[in-house]
Amino acid sequence: MPIIDGIYKAAAVTQGMDAATRADFTGVNEVKVLKVSTTGLGDYSRENGYPKGDVTAVWETMQLTEERGKEISVDRMDNEETLGLTFGTVTGEFMRLHVIPELDAYRFAKYASKSGISTVTGAVLTKTTIIEAIDEAVRQMNADEVPLEGRKLYLNSDLQPILNSALNRQWGSDGTVNTVLSGYNNMPITWVPPTRFYTALTLNPGTANWGYAKGAGAADVNFMIIYPPSILQVQKFALPKIFDPDTNQDKDAWKFQFRLYHDAFVYDNKVKGIYLHKKPVA
C-alpha cells in the first residue's frame, strides 16, 4: 500500500446537514431561497370580523463566493509500474485529506462568524464546567424557541475525554468498555477535529501555500449546536475530471482535475438556530 503523508484524516462531519432538496440556482454565482413571514394575532371584532394580516414571501438571493480547484498528474509509467494503483490512490487520498477537511472547516467558520447567532466566549472547559456550558446552550436555544427535534451537537474532539469524565457511567457485563458518547439529551454528538473548528479561516490561493489555515484573530471552537433548517450548504459544482495519457495533451500522464464551487449560509431570520461556545483568542 502506498504511504502518503498525513494519512489519518476523519470523514466529513458537516455532510449530515446537507438539504434534502437541491437549491434553486438562478444565475452563474447565485442561489435563491424563499423566505416567508407572517404577522401575529389581533383582536376579533363581532362587527368587522377578522383583523387583516399579512403574509410576506420574498426570494432572497445569496451569492456563492468560494471557487476552489486542483490538478494532479501521475506519469503513465509510474501508474503502470504499480499495477494501476497509484493514480486511484492519489486522487482518492486528495479528496479525503484535503477537500473534505477544508469543506468542513469553511462551513463551521462561516456559521461561527454570522452576526446575530448566540455566542459565548468561555474559559477552557473542564469536567466540572462542560455539562453546565452545554446545558446553558440548550436553555438559551429553548428560550429562543428553536425546535427541540433536529438539533445537532458538534463538539471539539479535544473535549471527548473531558466529557467522558464528567458523566457517571454504569458498566455492562459484556466484557467490553465503550466510553464514547453518541448523544446528549436527544442531540446526536459529532466529534470535530480541532483543525476544522475555527471561527475564521484563511483559504490559501495555491501558489506558495495550499489548502487552508486558521484565520488571523480567529478563536478555537469548543462546541456548536446547530439546527440544520437554519443553514444552507450549497455545492453548485463539485466535479472531478480524469484524462488518460492518450487524451492528455500536456504530458504522457494521467491527469486529475477537481473544481469545487460552493458556499454556506445562515438564514437571516433563523440565526438563533446556531449556538457557539468558543475559547478566548490566544
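Since we're looking at a predicted model, the values are computed, not measured. Sequence positions are assigned chain by chain, starting from 1 and proceeding in written order. Owing to the predicted nature of the model, reporting of local features is limited to residues with pLDDT of at least 70; listing and counting of side-chain atom pairs is limited to 80 or more, with chain, interface and lining totals taken over all residues. In computing side-chain properties, one takes all heavy atoms of the structure into account and sets aside hydrogens as well as water.

### Some details on the environment of Pro-193
For clarity, the threshold we go by: By the criteria applied, helices consist of DSSP H or I runs no shorter than four residues and strands consist of E runs no shorter than two, each listed in order from the N terminus. The buried label goes to any residue with under 20% of its type's maximum accessible area, the exposed label to any with over 50%, and the partly exposed label to all in between, with areas taken from a 1.4 Å probe on protein chains only.
One can find Pro-193 in the loop between β8 (187-192) and β9 (201-203). Relative accessible area serves as the criterion here: at 15%, Pro-193 is assigned to the buried category. Measuring from C-alpha to C-alpha, the distance between Pro-193 and Asp-158 comes to 7.7 Å, with 35 residues separating the pair along the chain.

### Focus on the sheet that holds strand β13 (residues 253-266)
Convention followed: Strand pairing requires that DSSP identify at least two bridges connecting the strands. Helix axes use the C-alpha atoms of the stretch in contact, all axes being lines fitted to C-alpha atoms, and the angles between their N-to-C directions lie in the range 0 to 180 degrees.
The three strands are arranged β4-β13-β12 in an open sheet whose pairing can be described as antiparallel. Two strands in the sheet have a free side with no partner beyond their single neighbour: β4 (66-75) and β12 (231-243). Averaged over all neighbouring strand pairs, the angle between strand axes comes to 10°, with direction disregarded. Of the strand pairs in this sheet, β4 and β13 are connected by ten bridges, and their pairing is antiparallel. Across the sheet, residue Glu-66 finds its bridge partner in β13, namely His-262.

### Some details on a nonpolar patch on the surface
Convention followed: Patches here: salt-bridge-free residues with over 30% relative accessible area, like charges joined within 9 Å, nonpolar side chains (Val, Leu, Ile, Met, Phe, Trp, Tyr) joined within 5 Å. For the accessible areas, the method is Shrake-Rupley and the probe is 1.4 Å, while residue cover comes only from the protein chains on display. Salt bridges, as used here, are contacts in which a Lys or Arg side-chain nitrogen is within 4 Å of a carboxyl oxygen on Asp or Glu.
A cluster of nonpolar side chains, contributed by Leu-34, Val-36, Val-55 and Trp-59, occupies part of the molecular surface with about 430 Å² of accessible area. Where the nonpolar patch is concerned, the elements lending two or more residues are β2 (30-38) and β3 (55-63). Take Val-55: it is sitting in strand β3. Its relative accessible area of 61% is what places Val-55 among the exposed residues.

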